Amino acid sequence: MEPAIQLSFQSGGKKPRRRVSFNRGGRGEAKRPALLLAAVGGAETERDETAAAASSGFSGALGAPGPAMAAPCLEDPSLERHFKGHRDAVTCVDFSLNTKQLASGSMDSCLMVWHMKPQSRAYRFAGHKDTVTCVNFSPSGHLLASGSRDKTVRIWVPNVKGESTMFRAHTATVRSIHFCSDGQSFVTASDDKTVKVWSTHRQKFLFSLSQHINWVRCAKFSPDGRLIVSASDDKTVKVWDKTSRECVHSYCEHGSFVTYVDFHPSGTCIAAAGMDNTVKVWDVRTHRLLQHYQLHSAAVNALSFHPSGNYLVTASSDSTLKILDLMEGRLLYTLHGHQGPATTVAFSRTGEYFASGGSDEQVMVWKSNFDVVNYGEVPRVQRPPATLASSSRTLSEVDSPVPPDRGRSQESMQSQPQEPVSIPQTLTSMLEHIVGQLDVLTQTVSILEQRLTLTEDKLKQCLENQQLIMQRTPP
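Here is a short report on the structure shown in this document.

Criteria and cut-off values
Throughout, a residue's number is its position along its own chain's written sequence, starting from 1. It should be noted that, the model being predicted, local features are given only for residues of pLDDT at least 70 and side-chain atom pairs only at 80 or more, the latter also being counted only at that level, while totals for whole chains, interfaces and linings use all residues. To obtain the side-chain values, all non-hydrogen atoms of the structure were included, while hydrogens and water were left out. By convention a nonpolar core is built from buried Ala, Val, Leu, Ile, Met, Phe, Trp, Tyr and Cys residues, the set being connected through side-chain atoms within 4.5 Å. A 1.4 Å probe rolled over the protein chains alone gives each residue an accessible area, and that area as a share of the maximum for its type sets the label: buried under 20%, exposed over 50%, partly exposed in between. Contacts between residues were defined by any pair of non-hydrogen atoms, one from each residue, lying within 4.5 Å. By definition, a salt bridge exists where a carboxyl oxygen of Asp or Glu is found within 4 Å of a side-chain nitrogen of Lys or Arg. Should DSSP find at least two bridges between two strands, the strands are regarded as paired. Numbering of helices and strands runs from the N terminus; a helix is a DSSP stretch of H or I covering at least four residues, while a strand is a stretch of E covering at least two. To get an axis, fit a line to the C-alpha atoms, keeping to the stretch in contact for a helix; angles then go from 0 to 180 degrees between the N-to-C directions.

1. Describing the nonpolar core
Working step 1: Membership of the largest hydrophobic core comes to 47 residues, with the highest contact counts inside it found for Val237, Val261, Ile270, Leu312, Leu321, Ile323 and Phe354.
Working step 2: The contacts of Ile323, once residues within four sequence positions are left out, are Pro77, Leu312, Val313, Leu331, Leu332, Tyr333, Leu335, Phe354 and Phe370.
Working step 3: Formed by 13 residues, the second largest nonpolar core is a distinct cluster that contains Met112, Trp114, Val363 and Val365.

Here it is, written out as structure tokens:
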């Protein structure tokens, strides 16, 4: 069995060194379950492959043990920073659009906004009366939404003042919150068995989706905002059409509570995590199971897609994070950093970083080091797992360290000469100051828009009331 690669990181000052253990995917790590991959011609091929000879507890069909496989990354993921300020278990994390801020929620009822810039003070927002269960930045990064066990939703302006607006419609714990890609609406999931959609700027509840028969743990918009996916303790994952408000399909393959679900960046697939220790990936067009992983030894609490769509990171109660290569359908890394259950994980919008939180009250920020590509170009090359293999591919191709198309993209990037560009420090400082002022102006305009919308709604209501009074008054 391949030994764990032990890496130590120094985190500033005279603080004690923190040891973080990495397991490379390969021999002795875990068996990979059968993959069902759609062929180019519409047919399907079922592949039974394994990454180890050791038993992993997977009950499906498995092929013969394969050789150890080298990870296709140039560098291992590295622990960049860890934040400590919460007084209880961390439940949720999310990055802002520009990756300058990282929000986290905790069982201590507080919301923390951490600054990625060194030596910057964090913001602590107190407003919820119970555990903060979920956080999500708006697409612009100017608003921050949170949900709580106190049954409320709050929208915050993530600055030093920490002003917030409270939304109330759920009758039980709010488990999940997620903005639509246009920022005009957001969706919540709750223990009251409903999924609710809200208007961001009008600050009002719009409608409910209510076919689940147990607590709803998670709900997310598709990248184009047309669909909503939800995961529930009724062991189902449901896909909803936002316009018709109808459930278009239910996935019932999980053997226990479904804890988390999210859309692939392409919008054509979903991945769901469960208390049965598994992660499953489905195609939302054909409703077929594409990939099935049983690599954790305890419940999988959260997952997050890399913006390229090529990788998936998971967080589990077995205290580990695992990074999966969806192109090859195999495990790349097992990360040991948290002491106790890892409760949450999320990639930054660029994919350059991912953050995790755990019952050890800590938030950890990791550098991905996955691909040598321009992260600004990542969203343009999103591809779903279902289209990455055809029936003509052989096992040796699947086990190749670097996929052919990924190697070509790296070669093309390396073949282009790049000249270093130096920018004077004064100009850099001036530009950062201008960007900061623009952020403040944008936030101010956003608040003014909200207040104007509220005034319009109240004026409309006054006019309606006046008309009703005039109609009731006898001539």
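2. Digging into the pattern of salt bridges
Working step 1: Inspection of every chain in the model, using the stated rule, returns eight salt bridges.
Working step 2: Notably, a salt bridge pairs Arg285 with Asp283, separated by 2.8 Å at the nearest N-O pair.
Working step 3: The class for Arg285 is partly exposed, based on a relative accessible area of 49%.
Working step 4: Judged by its relative accessible area of 3%, Asp283 falls in the buried class.

3. Considerations on the sheet that holds strand 12 (residues 152-156)
Working step 1: One open sheet accounts for four strands, arranged 10-11-12-13; its pairing is antiparallel. Two strands bound the open sheet, and with one partner strand each, they are strand 10 (132-137) and strand 13 (164-168). Across the sheet, the mean angle separating the axes of adjacent strands is 20 degrees when strand polarity is ignored.
Working step 2: Inspection of the sheet shows strand 11 (residues 144-148) paired to strand 12 by four bridges, in the antiparallel sense. Note that in strand 12 the partner of Gly147 across the bridge is Val153.

Read these as layout, nothing more, since geometry by itself doesn't imply function.
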